Amino acid sequence: MGFFSVLSHCFFDAGIMAWDVLLTVSNLVRRKYPIGDVTPEGHPGYGGHWPEFIPPQLTDSRCSCPALNAMANHGIISRSGRGVSFVELNNHIQATYNFSPTFSSFALHFLARMLKRNFSEDTFDLEEIDLHDGIEHDASLYVSLDAALQPDQSIKHVPFIEELLAAATGKDRDGNDIITTKDCSRILGKRRAVARAVNKEFSLSFSHKIFGSANASTLVTIFGGRVDDLRSFLLHERIPELGITRPPTSWNDYYKLQQDYTES
C-alpha cells in the first residue's frame, strides 16, 4: 500500500470518527422509535413484514456474522451469500439493523481493505469475511469455536449461544428476560479465559478485543438484549418479527460499552 493510500485512509477514518461524534450528540435529543417502527419505509422489514426466511443451501456462502447471514436468509442481500456489493450492503445494514452510517461505512471500508477490494466497484462472498485475524478472531462471544478448532467459522457452536442466553439477569417492563452489559462482559471474559487455556494457537490483539466488544454490544444496543429475539437471531439467523427497536447505533455508543468488555 502506497503512502498516499495510507494517508487517504487516515483522513477517511478521522472524518468518520468526527461525524460519529456529531451523531452521538444528536442521539441524546432525538426521539426513540417505538417497537416495530424503526425500519424505513420502502425497505424490507417495514411494518414488520420481512421477506421470507429460507435456510441456506449447501452451496450457499455463509460466515461467522449472524447479522449478515440473516440478511441473506431473508433475501435482503443475495440469498447465496455470493457476489455481495460493498456499497449495497452498506445501505442495507443501516436500514435493516439501524446502524449509523458511520459504523457501517467504517466496518465495510475496513473489510474492503482487508480483502484488497475496491469498495465502490467490487463484490465479495460472505465466507471471505472469515479470514482469520482479519475481522474474525479467537474467543468469540456467541458464534463458533476458535478457527484452530473449527476452520469453518459459519458453523455455530450452540453451547456458547445457550450459555449466553441463560446468563441473562435483566428483565424488561413486561418481565421478559434481558441480557445486560454486565452479562455480556462476564461471559466474554470467560470465553477469553477458556480460549487461552484450550487453544494452543490463541491470539487476541487489542484491535480484535475492540471488534469482539463491538459484537457483544450489538446484543444490547441493537436488540435491546431481548432473549427471545436473540434466540431466533443467534440460533437460526432469522430476523425477529418486530425487527430493531433502538435509535441509530454509532461507534461512540459502542465505546461506552467497550470500556467494560475490553478489560475482560
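Preceding this paragraph is the structure being described.
The numbering scheme is per chain: residues are counted from 1 as the chain's sequence reads. Per-residue local features of the predicted model are confined to residues with pLDDT of at least 70, and side-chain atom pairs are confined, for both listing and counting, to 80 or more; whole-chain, interface and lining totals are unaffected and use all residues. As a convention, hydrogens and water are excluded, and side-chain values are obtained from all of the structure's heavy atoms.

Sorry, what's going on with unusual backbone geometry here?
Glycine aside, a negative phi is what most residues show, and trans is what most peptide bonds show. Even without being a glycine, Asp133 presents a positive backbone phi close to 65°. With respect to the helices, strands and loops of the structure, Asp133 is situated in the loop between β2 (123-124) and α5 (158-166). For Ala139, which is not glycine, the phi dihedral falls at a positive 65°. To qualify as a helix, a DSSP run of H or I must reach at least 4 residues; to qualify as a strand, a run of E must reach at least 2; elements of each kind are numbered from the N terminus. In this structure, Ala139 sits in the loop between β2 and α5. Three labels apply to residues, based on accessible area from a 1.4 Å probe with only protein chains included: buried if under 20% of the type maximum, exposed if over 50%, partly exposed otherwise in between. Relative accessible area serves as the criterion here: at 5%, Ala139 is assigned to the buried category.

Whenever I open this one, the packing of helix α2 (residues 66-73) against helix α3 (residues 86-97) confuses me. Can you help?
Describing two packed helices takes the angle between their axes plus the distance from one axis to the other. Between N-to-C directions, angles cover 0 to 180 degrees, with each direction set by a line fitted to C-alpha atoms, over the stretch in contact for helices. The contact between α2 and α3 brings their axes to 11 Å, and the two run at 95°. Viewed along their axes, α2 and α3 adopt a mutual orientation that is roughly perpendicular. Taking contact as the criterion, the partners of Pro66, Ala67, Leu68, Ala70 and Met71 in α2 are, on α3, Leu89, His92, Ile93, Thr96 and Tyr97. In terms of residue class, the contact of α2 with α3 is made up of eight nonpolar, two polar and no charged. In these notes the angle categories are as follows: under 35 degrees is roughly parallel, over 145 is roughly antiparallel, 65 to 115 is roughly perpendicular, and the rest is oblique. Note on contacts: a residue pair qualifies if any of its non-hydrogen atoms lie within 4.5 Å across the two residues. When residues are grouped by polarity, Ala, Val, Leu, Ile, Met, Phe, Trp, Tyr, Cys and Pro land in nonpolar, Asp, Glu, Lys and Arg in charged, and all others, Gly among them, in polar.

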